[in-house]
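Chain and residue survey
Okay, here's what each chain looks like letter by letter:
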Amino acid sequence: MMETFTCDNCGASFPVSERREFSGEFFCPTCLEEETLLCSRCGSRIWPDDNAGTDDTPLCSDCYHRYYTSCERCGALLSNSDVYYESDDDDAPALCYDCFQRTASGKCIIHDYYYKPEPVFYGSGPRYFGVELEIDEGGEDAQNASQILALANDTCESRIYCKHDGSLHDGFEIVTHPMSLDYHLHQMPWAAICKEAVSLGYSSHQARTCGLHVHVSRKAFGETEAQQDLCIARILYFFEKHWEELLKFSRRTQRQLEQWAARYGFKEQPMEILDHAKKGYHGGRYTCVNLTNPGTIEFRIFRGTLKYNTLIATLQLVNRICDMALCLSDDELKSVSWTTFVSGCQNPELVQYLKERRLYVNEPVETEVEI
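What comes next is a walk through the structure. (Residues numbered from 1 in each chain as written. Predicted model: local features only at pLDDT ≥ 70, side-chain atom pairs only at ≥ 80, totals over all residues. Heavy atoms only, no water.)

**Focus: the overall build of the chain**
- A count of helices and strands for the chain gives 14 helices and 19 strands.
- By the compact-globule yardstick of 21 Å for 371 residues, the chain is too spread out, its C-alpha radius of gyration being 27 Å.
- For the chain, the spread of C-alpha atoms along the principal axes amounts to about 90 × 55 × 40 Å.
- Within the chain, the proportion of its 371 residues that are buried is 46%.
- Of the contacts made within the chain by residues no fewer than 6 positions apart, 61% connect residues no fewer than 24 positions apart.
- Of the roughly 18500 Å² of accessible surface on the chain, 46% is carried by carbon and sulfur atoms. (Helix = DSSP H or I, 4+ residues; strand = E, 2+ residues; numbered from the N terminus. Rg over C-alpha atoms; globule rule 2.2 N^0.38 Å. Buried < 20%, exposed > 50% of the residue type's maximum accessible area, 1.4 Å probe, protein only. Contact = heavy atoms within 4.5 Å. Areas by Shrake-Rupley, 256 points an atom, 1.4 Å probe, with all protein chains shown as cover.)

In structure tokens form, the structure reads like this:
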């Protein structure tokens with residue numbers, strides 16, 4: 001009679017000749033391959049939890065510490081021969097080539113994705129707007145970023161900073177500190193920034209990878225959480241009721257929104273949508289109005305742009321929606337039609353853009369190409 005053994009993982013019986021032992025346990029050949037890994041450097045077998053490398057390059061702990069390290073900015077696995085340093089100092093951080101390229105003279109120009117400096121507030125509050133503008137196809141290049149930073153930070157210590165964004169092919173994200181709408185309109189050199197980015201070979205709308213995200217401070221909607229929630233609920237209701245018009249305004253495709261800025265779903269009462277957003281919806285931050293940040297709400301629906309009028313019109317639209325959420329009751333907001341909403345828009349940039357997108361009550365106008 002053939003001698004058999006029982007696999008400790010799957011519980012099936014197999015001939016003893018197929019028994020494989022690892023770490024004091026007996027496996028069939030299939031389970032051994034499925035439940036363990038081979039170090040890509042020395043070939044020793046390890047448990048997945050002991051993998052010091054990556055899924056593509058599994059490593060035992062000894063091989064990792066002898067032959068590898070990790071980029072201290074993005075965490076990428078690096079062989080020792082592929083490490084770059086900002087300086088000759090012994091304590092200089094190990095960097096991958098991409099992160100090294102984002103530095104200039106030891107100063108970080110394009111920060112990592114998780115970089116978040118202490119905010120500097122410009123203009124009069126409490127309604128502050130923070131802009132995240134993604135640009136692509138011109139290189140994740142420290143010199144290019146330096147030129148854009150110089151335009152915005154010429155007279156101030158820091159109006160903007162630049163960040164890496166993994167959703168972009170070959171670009172970076174321009175992020176402002178919180179600013180009042182008036183400051184964005186009259187003191188922030190957006191026109192020069194957009195023109196410079198285009199001259200450096202960047203695009204935003206046409207790249208198809210870029211978004212224009214607008215953060216609004218929660219304190220703009222009231223001092224208490226209850227006051228803020230009433231206004232935020234009205235904003236969510238406005239988005240759901242006028243989704244088709246806002247989709248057209250955003251220049252996004254429906255598929256892009258499903259991926260990056262999904263809707264919550266219409267409900268009869270504003271607070272029902274907010275309750276759904278807080279409790280029953282699991283879209284995280286990839287929603288049309290992201291509520292996961294403690295100090296702001298983030299309008300993520302808009303496609304990126306390097307056209308100055310479109311950028312300013314987007315800020316003005318967000319401001320107008322916030323006005324309505326603050327000034328109207330639930331019932332008053334529910335009765336507002338899109339025609340009524342746009343009829344009250346007075347800002348020339350916003351009116352121009354609404355006409356270009358065939359969203360205004362008057363005759364449309366000719367449209368300039370988005371960038």
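**As for the sheet that holds strand S15 (residues 160–163)**
- An order of S13-S15-S16-S14-S17-S19-S18 is seen for the seven strands of this open sheet, with the pairing classed as mixed. Looking along the sheet, the strands with just one partner apiece sit at the ends: strand S13 (110–111) and strand S18 (289–290).
- Pairing analysis gives five bridges linking strand S14 (residues 129–135) to strand S17 (residues 211–217), with the strands arranged antiparallel. By the bridge assignment for S17, Val131 is matched with Val214.
- Relative to S15, helix H4 (residues 142–152) is tilted by about 160 degrees, and along the sheet it contacts S13, S14, S15 and strand S16 (172–176). (Pairing = 2+ DSSP bridges. Axes fitted to C-alpha atoms, helices over the stretch in contact; angles between N-to-C directions.)

**Topic: the nonpolar core**
- One finds Val216, Ile235, Phe299 and Phe341 to be the most contacted residues of the largest nonpolar core, which totals 78 residues.
- No other element matches helix H11 (residues 308–327), which puts 10 residues into this core.
- For Phe341, the contacting residues outside a window of four places in its chain are Phe238, Leu317, Arg320, Ile321, Met324 and Val336. (Core = buried A, V, L, I, M, F, W, Y, C linked by side-chain atoms within 4.5 Å.)

Treat this as a map of the structure, not an account of what it does.
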